[in-house]
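Listed here are the chains, written in short residue letters.
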Amino acid sequence: MSNTDSKALSKKKMALYLPIVCGILAGLSFVIYVWSANSAPLFLNVVIYTIPLFCLIGTIAAIINRREINKHPALWAVGFMICALGLVFCIFFLMLLAILMT
């Protein structure tokens, strides 16, 4: 196996794990947001904006890597479900805030 083949293989593995990593980062961002609710408001704004960003990146990465379903079905499904549910939760939360603000 040449060096370029191993780099291509490692890029495919990184792309396969990206949805799970993004979902975990979104979950950690939510935990940080809840845990530091009494902190400075500027920090909370940055943290709250990262949650939908990580979920969106993970969902797009899972859709792009859907060819890997046959090789790793559980890994792909878990990554997609984590990110998709996180994205739906964020959209629901933003809609709820919009309704409450009016």
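It should be emphasised that the depicted structure is a prediction, and the values quoted were computed from it without experimental measurement.

**Considering the packing of aromatic side chains**
- Overall, the coordinates contain three aromatic pairs when judged by the stated rule.
- A ring pair is formed by Phe-30 and Phe-89, whose centres lie 6.0 Å apart and whose planes are at 90°; its orientation type is edge-to-face. Remark: Phe-89 occurs in helix α3 (residues 73-101) and Phe-30 occurs in helix α1 (residues 3-35); sequence separation between them is 59 residues.
- Grouping aromatic residues by their ring pairs yields a cluster made of Phe-30, Phe-89 and Phe-93.

**A short note on the confidence of the model for the protein**
- When pLDDT is averaged across the protein, the result is 78; 80% of the residues are at 70 or more.
- When pLDDT is averaged over each element of the protein, α3 comes out on top at 84 and α1 at the bottom at 76.

**As for the environment of Phe-30**
- The class for Phe-30 is partly exposed, based on a relative accessible area of 37%.
- Sequence-wise, Phe-30 and Ile-51 are 21 residues apart; in three dimensions their C-alpha atoms are separated by 6.8 Å.
- Ignoring anything within four residues of it in the chain, the contact list for Phe-30 reads Ile-51 and Phe-89.

**What about α3?**
- Over its 29 residues, α3 runs 42 Å from end to end, which matches the ideal 42 Å to within 8%, given 1.5 Å per residue.
- All of the buried residues along α3 are Trp-76, Gly-79, Cys-83, Ala-84, Gly-86 and Cys-90.

Calculation notes
Residues numbered from 1 in each chain as written. Predicted model: local features only at pLDDT ≥ 70, side-chain atom pairs only at ≥ 80, totals over all residues. Heavy atoms only, no water. Phe/Tyr/Trp six-rings, centres within 6.5 Å; stacked < 30°, edge-to-face > 60°. Helix = DSSP H or I, 4+ residues; strand = E, 2+ residues; numbered from the N terminus. pLDDT = per-residue confidence, 0-100. Buried < 20%, exposed > 50% of the residue type's maximum accessible area, 1.4 Å probe, protein only. Contact = heavy atoms within 4.5 Å. Expected span 1.5 Å × (residues − 1).

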